[in-house]
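Structural overview
The primary structure of each chain is shown beneath.
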Amino acid sequence: MPERRPFRLRPDPSLLTGPWSVAALLGSACLAAGLIAGRADVVVTGIPLILAAVAALASPRRPDAPVTADNDAAVRDGQFYQVPLHVDADGGLVAIAVTGSGPTPRSYLLDASQRDLQLTIELPLSGRRDIYALSWASISADAARIGQLGAAPSVPYTVLPSIDRLDILPLPPRLSGLTGDHSSRNPGDGGDLRDVHPFRPGDARRRIDWRATARLSPDQSDLYVRRTHTTSEATVMLVVDARSDLSSEAATWYGGQPPTPLTYSSLHLSRQGATLLAASYLHRGDRVGVMELAGYRRGLRAAAGRRQLELIRLRLSSLRVDQHLDKPRQDPVLPADCLVMMLSPFMNDDGERLLLKWHRLGHSVIGIDTLPRLNTTGLSKTEGLALRMELMARKDRIERVRQRGLPVFGFRGPEDAASETDPDAVAGVLPLAAGLRMMQRTAAHRRTTAGRSTS
């Protein structure tokens, strides 16, 4: 048999809260004090307060007014998310608290007769976050009753990085595959002429060059064919450093109020920069993959096509700071003959160590600095000194990488062309677009010079 629980009288919170509860307590105190002291005037003062509280408590109780959000009918308008709200109440007031992307919740006191409302939330820059949570309580028109506090679970939302493209991009020293838009050094079907060679068994008859045959073999004893270089594709691996997510507000690095999702951060810039590079290379028919520098998930293998771009955006939007930094992890394993681009704020030694390691293994590597431009207001003297030391160590890491001949470019938000006198700037680091353009022109000049010297 089930155990019988003793009956307990549970007070109704809607009857014990509000200003009328204060009136009942004050009236009871006046009545008791007047009776003890024999003061009729004090008793008369407490009687109206008690009668008013009894009349308010004796009135029929209003049910709580639930507030429902229709997320199925929500519409995204640019950087804003609009959600229809419905208030189920017959009258009175409704207090609604909305916890959104800001640091503190916002409270609203509304007339319950407004059944249909619209909630507008500003979306974060990128990533998956809880964009808002609702809590509410119904209030009678005379403020005699306050209903129980109701709450709805938080609503997650994924903001994918925006898509943009670069026109000029560098290529790895060696290309792979038999299809693509780039001319390689391998023989095969392509467009660029390799040489004119005597006909051999296995050569296609359509490749016979009759003009070269007439010129090189007047008696037509030998046939000559045109051999071309095949077209190939590049393999690009994007390595994202997710060990930390540093906000542009330097004061949030040392505790205090957490940064809001609406401010630039290193992880957001890494997502945006990786999407920019992936969209640019995939648009040219190359193969692109994504790996995490600090994570236990398997990397996204290199592939081509529109679907690969959407998979990369989903993988980047799901990146979060790894909370288990003390666990050992294996360095990412890269495919052969690929171009490696690491997006990192270079606030730890892993970025420098892996760039130098992959360079020794024969990969072509590029470092991309994603630390946002810092706002140092609100720092104490001690915090300012600590920030200066961390930025000096970061600058030394980037300088050591550049001294080995490895390029490092900056992708630090819309203010990418800031002055080099800023405390977080590194002298000589070009913006990403300008740096990649310079690398491509330098490589083209070397190929042209090599061709002239060969000829």
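Everything that follows concerns the structure shown earlier in this document.
This section reports on the structure supplied with the text. (Residues numbered from 1 in each chain as written. Predicted model: local features only at pLDDT ≥ 70, side-chain atom pairs only at ≥ 80, totals over all residues. Heavy atoms only, no water.)

1. A few points about the overall build of the protein
Check the secondary structure of the protein and you find nine helices and 18 strands. Burial statistics for the protein: of 455 residues in total, 39% are counted as buried. A separation threshold of at least 6 residues defines the contact pool for the protein, and within that pool the share at least 24 residues apart is 70%. Split by element, the accessible area of the protein, about 26,100 Å² in all, is 54% carbon and sulfur. (Helix = DSSP H or I, 4+ residues; strand = E, 2+ residues; numbered from the N terminus. Buried < 20%, exposed > 50% of the residue type's maximum accessible area, 1.4 Å probe, protein only. Contact = heavy atoms within 4.5 Å. Areas by Shrake-Rupley, 256 points an atom, 1.4 Å probe, with all protein chains shown as cover.)

2. Some points on the nonpolar core
Grouped together as the largest cluster of nonpolar side chains are 31 residues, with contacts concentrated most on L238, M341 and L436. Elements with a contribution of two residues or more to this core: strand 13 (235-240), helix 5 (266-283), strand 14 (287-292), helix 6 (306-317), strand 16 (339-344), strand 17 (364-369) and helix 9 (432-454). Among the elements that make up this core, the one with the highest residue count is helix 5 (nine residues). Beyond its immediate stretch of four places on either side in the chain, M341 contacts P170, M237, L238, V239, L277, Y281, I366, I368 and L436. By size, the runner-up hydrophobic cluster in this structure holds 21 residues, among which are V239, A302, L334 and V429. (Core = buried A, V, L, I, M, F, W, Y, C linked by side-chain atoms within 4.5 Å.)

3. A closer look at the sheet that holds strand 18 (residues 408-410)
Two modes of strand pairing occur in sheets, parallel and antiparallel, and in both the strands are linked by backbone hydrogen bonds. Pairing in this open sheet of six strands is mixed, and the strands run 15-14-13-16-17-18 from one edge to the other. Looking along the sheet, the strands with just one partner apiece sit at the ends: strand 15 (300-303) and strand 18. In this sheet, neighbouring strand axes are inclined to one another by 20 degrees on average, regardless of whether the strands run parallel or antiparallel. (Pairing = 2+ DSSP bridges. Axes fitted to C-alpha atoms, helices over the stretch in contact; angles between N-to-C directions.)

4. A word on the packing of helix 5 against helix 6
At a minimum axis separation of 10 Å, helix 5 and helix 6 run at an interaxial angle of 170 degrees. One finds that helix 5 runs roughly antiparallel with respect to helix 6. Residues R271, A274, T275, A278, A279 and L282 of helix 5 form the contact with helix 6, whose own contacting residues are Q308, L309, I312, R313, L316 and S317. Classifying every residue of the contact of helix 5 with helix 6 by side-chain character gives seven nonpolar, three polar and two charged. (Parallel < 35°, antiparallel > 145°, perpendicular 65-115°, else oblique. Nonpolar A, V, L, I, M, F, W, Y, C, P; charged D, E, K, R; others polar.)

5. Structural notes on the pairing of strand 13
The element strand 13 is largely enclosed, with a buried count of six among its six residues. Side-chain alternation along strand 13 places T235, M237 and V239 on one buried face and V236, L238 and V240 on a second face that is also buried. Of the pairings in the sheet, the one linking strand 13 to strand 14 comprises six bridges and is parallel in character. Its bridge partner lying in strand 14, M237 is registered against G289. Of the strand pairs in this sheet, strand 13 and strand 16 are connected by five bridges, and their pairing is parallel. Residue M237 lies in a different strand from strand 16, and its bridge partner there is V340.

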